[in-house]
Amino acid sequence: MSSFGGRMREYPWLSIDRFDRENLRARAYFLSHCHKDHMKGLRAPSLKRRLECSLKVHLYCSPVTKELLLTSPKYKFWEHRIVALEVETPTQISLLDEASGEKEDIVVTLLPAGHCPGSVMFLFQGQNGTVLYTGDFRLAKGEAARMELLHSGTRVKDIQSVYLDTTFCDPRFYQIPSREECLNGILELVRSWITLSRYHVVWLNCKAAYGYEYLFTNLSEELGVKVHVNKLDMFKNMPEILYHVTTDRHTQIHACRHPRVALWICPEMEPFTYNWCQPSTMWFGERTRKTNIIVRTGESSYRACFSFHSSYSEVCTMVFASGMNTSIIFPLSRLFSKLKSSSLINLSSYGSCSIILIIFVALF
DNA sequence: GCGATCAGTT
DNA sequence: CACAACTGATCGC
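Residues numbered from 1 in each chain as written. Chains lettered and ligands numbered in written order. Predicted model: local features only at pLDDT ≥ 70, side-chain atom pairs only at ≥ 80, totals over all residues. Heavy atoms only, no water.

Caption draft 1: Just the environment of Val 131, in detail. Within the fold, Val 131 resides in strand S8 (residues 129–133). For the pair Val 131 and Glu 222, spaced 91 residues apart in sequence, the C-alpha to C-alpha distance is 40 Å. In this structure Val 131 touches Met 8, Glu 10, Tyr 11, Phe 122, Leu 123, Phe 124, Ile 159, Gln 160, Ser 161 and Tyr 163, once residues within four positions along its chain are discounted. (Helix = DSSP H or I, 4+ residues; strand = E, 2+ residues; numbered from the N terminus. Contact = heavy atoms within 4.5 Å.)

Caption draft 2: The pattern of salt bridges, seen in detail. Considering all chains together, one arrives at eight salt bridges under this definition. Put simply, Glu 188 and Arg 191 hold a salt bridge, and the shortest N to O gap is 3.0 Å. A residue pair is termed a helical-turn pair when its members lie 3 or 4 positions apart in one helix, as Glu 188 and Arg 191 do in helix H3 (residues 179–194) at three residues. Taken together, the shared-partner salt bridges connect Arg 18, Asp 20 and Lys 40 into one network. (Salt bridge = Lys/Arg side-chain N within 4 Å of Asp/Glu carboxyl O.)

Caption draft 3: Seen up close, the pairing of strand S7 (residues 120–126). Taken across its seven residues, S7 has five buried, putting it largely inside the fold. Across six bridges, the pairing between strand S6 (residues 103–112) and S7 is antiparallel. By the bridge assignment, Val 107 is partnered in S7 with Gln 125. Summarising the sheet, S7 and S8 pair through five bridges and their orientation is antiparallel. Among the inter-strand pairings, Phe 122 is bridged to a residue of S8, identified as Tyr 133. Linking S7 back to S8 in an antiparallel pair, the connection comprises two residues. (Buried < 20%, exposed > 50% of the residue type's maximum accessible area, 1.4 Å probe, protein only. Pairing = 2+ DSSP bridges.)

Have a look at this one:
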């Protein structure tokens, strides 16, 4: 859960990624991406009642986030109240205060956040200044600096506050291998195993609902093997993902989730022991100067670096890109405040920055 | 039967 | 160790 309560000091009548408590009185709602810890209260009866009474209240998000959200019947009641905004298209929104009838316009721009499908950052411009809410993001060095909408003319916009994803905003996470490096490391490990025979399979132990899709599509594209997942109806309108995933377990790459995954993939394994070591911890960081992307953690298990969040240096360049005029930075994660006093520590582990791969021989 | 909260998992 | 993102168990209505 983010430490962010949902409201920004400049625009307290907007609520972002939080939908409980005081947020029940917001004039407009924003959802940066479709992860549960950013959706607290979004399907609560109290908010549902509010929507029924306040017909002018809407939820703003990207088209992909809308699609993912409405795949779950639990959120269907939002259907006609969601406004999908195109990414990188400044949009004016009129906000009405129901009590006073007072109206105010604000311009919001969605910027791609690189965290998971549909994830965006929100840039708000209005009477109380320009503020940037990053949500969760993974942007490589320079990606934010290249975003034209953060600039006016040749200069960075005068952003007075940044509400920042501070998950890895700590010198211990100074550098995390790039998306491409991690992808390639995983690709070669998977390739080396599944080319041994058609019975050699890999299971990717994915913990979040969304965020691994670019891994799946790249593995499938490169290896010509579709990835087995539990459900794919959420991707029904995303052909570029849909093409690379399958619910057919007769494939060599699995990302399905099931208490006894091996049996589900291959019931014939029941009488056999399939012992793999569940890795407890893995250390990335300063200890291994040359950062290993893949580390063997057991007989048939590996841990690979894979992060949905920017490293410390990437966060720093993000802050720099949002302008030197920015005077206030509000952390969105808990870690930041705890670590303000901590000095540089030369070891780090990050569970949330990795994916576990299990390799084994299936018997079908 | 539902949601909110806690306790565990990776 | 922490972390994010999630499950599942339990409690209260």
